[in-house]
Amino acid sequence: MSVRHTWAVREGRTTTTWFDVRWTFADGARVDALAALSGDGVRVEDVHAEPGLSLDDLSVLAEWLESPLFEVCAPARGDHPGGAPRRARPVWPRGREGRRLVAEEYRAAREEGGDPVLAVMRATGHSRRRSLRLIGQARDDGFLTPRRARR
């Protein structure tokens, strides 16, 4: 039996992944199936068999495919989880508390000789532009010293 990842479609927070499954028997018989993995589970969407399957064989098809699909689908689900975003942003408090933590990250990076903006980016998970905005807000709230002397 061979199972091959075909394609994946992401819609919102869910990802649906399709797999081509081919089972070749010693007597030359062959079963080709298209299976889909989504948040709901695994389902078989299309089956072609030579020679054709009887109703009894078709009812056992899911049992035949279960373990090989599970072996391939489990790593695929780990590669792009269906329920979680691709890059999980750390939980960061909003408002004054968040700006205080931004200031702490900024000062700690300055003391260690590192890039303070990069440290804020890593801590918050935000882009450089958003991190600079947070640093500016922390300055405005008095958590950091002003950048320039105001006239």
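For the structure, see preceding data.
Bear in mind that the values here come from a model prediction, so they are computed numbers and not experimental data. (Residues numbered from 1 in each chain as written. Predicted model: local features only at pLDDT ≥ 70, side-chain atom pairs only at ≥ 80, totals over all residues. Heavy atoms only, no water.)

A few words on the overall build of the chain. What the chain contains, in helices and strands, is four helices and four strands. Beginning at the N terminus, the succession of helices and strands in the chain can be written as β-β-β-β-α-α-α-α. Across the 151 residues in the chain, those meeting the buried criterion constitute 26%. Across the chain, contacts joining residues at least 24 apart in sequence account for 35% of those joining residues at least 6 apart. Carbon and sulfur atoms make up 49% of the accessible area of the chain, which totals about 10700 Å². (Helix = DSSP H or I, 4+ residues; strand = E, 2+ residues; numbered from the N terminus. Buried < 20%, exposed > 50% of the residue type's maximum accessible area, 1.4 Å probe, protein only. Contact = heavy atoms within 4.5 Å. Areas by Shrake-Rupley, 256 points an atom, 1.4 Å probe, with all protein chains shown as cover.)

A few words now on a positive patch on the surface. Judged by side-chain charge, R94, R129, R130 and R133 come together as a positively charged surface patch. Among the structural elements, R94 can be located in the loop between α1 (55–79) and α2 (95–112). (Patch = residues over 30% accessible without salt bridge, like charges linked within 9 Å, V, L, I, M, F, W, Y side chains within 5 Å. Salt bridge = Lys/Arg side-chain N within 4 Å of Asp/Glu carboxyl O. Lys, Arg positive; Asp, Glu negative; His and termini not counted. Charge placed at Lys NZ, Arg CZ, Asp CG, Glu CD.)

The subject of this paragraph is the pattern of salt bridges. Should their charged atoms come close, side chains of opposite charge can pair. Evaluation of the coordinates by the stated rule reveals seven salt bridges. Between E50 and R30 there is a salt bridge, with its nearest N and O atoms 3.7 Å apart. Here R30 lies in strand β3 (residues 30–38) and E50 lies in strand β4 (residues 41–50), a separation of 20 residues in the sequence. A salt bridge links D141 to R99; its shortest N-O distance comes to 2.4 Å. Taken together, the residues D141 in the segment after α4 (128–140) and R99 in helix α2 connect sequence positions 42 residues apart. Each member of the salt-bridge network shares a partner with another, and the members are R22, R30, D32 and E50.

Here we come to the side chain of S131. On the secondary structure map, S131 appears in helix α4. By relative accessible area, S131 is classed as buried at 0%. Sequence-distant contacts of S131, that is, excluding residues within four places in its chain, are made with V117, V120, M121, T124 and H126.

Attention now moves to the environment of A103. Topologically, A103 is positioned in helix α2. Separated by 33 residues in the primary sequence, A103 and G136 have C-alpha atoms spaced 9.7 Å apart. Non-local contacts of A103, meaning those with residues more than four positions away in its chain, are made with A138, F143 and L144.

Right, let's get into the sheet that holds β3. Strands sit in the order β1-β2-β3-β4 across an open sheet of four strands; the sheet is antiparallel. Both outer strands of the open sheet, β1 (2–11) and β4, are each paired with one neighbouring strand and no more. Pairs of neighbouring strands in the sheet enclose a mean axial angle of 15 degrees, with direction left out of account. With nine bridges connecting them, β3 and β4 associate as antiparallel partners. Following the sheet pairing, V31 is matched in β4 by A49. (Pairing = 2+ DSSP bridges. Axes fitted to C-alpha atoms, helices over the stretch in contact; angles between N-to-C directions.)

By themselves, these observations are geometric and do not establish any function.
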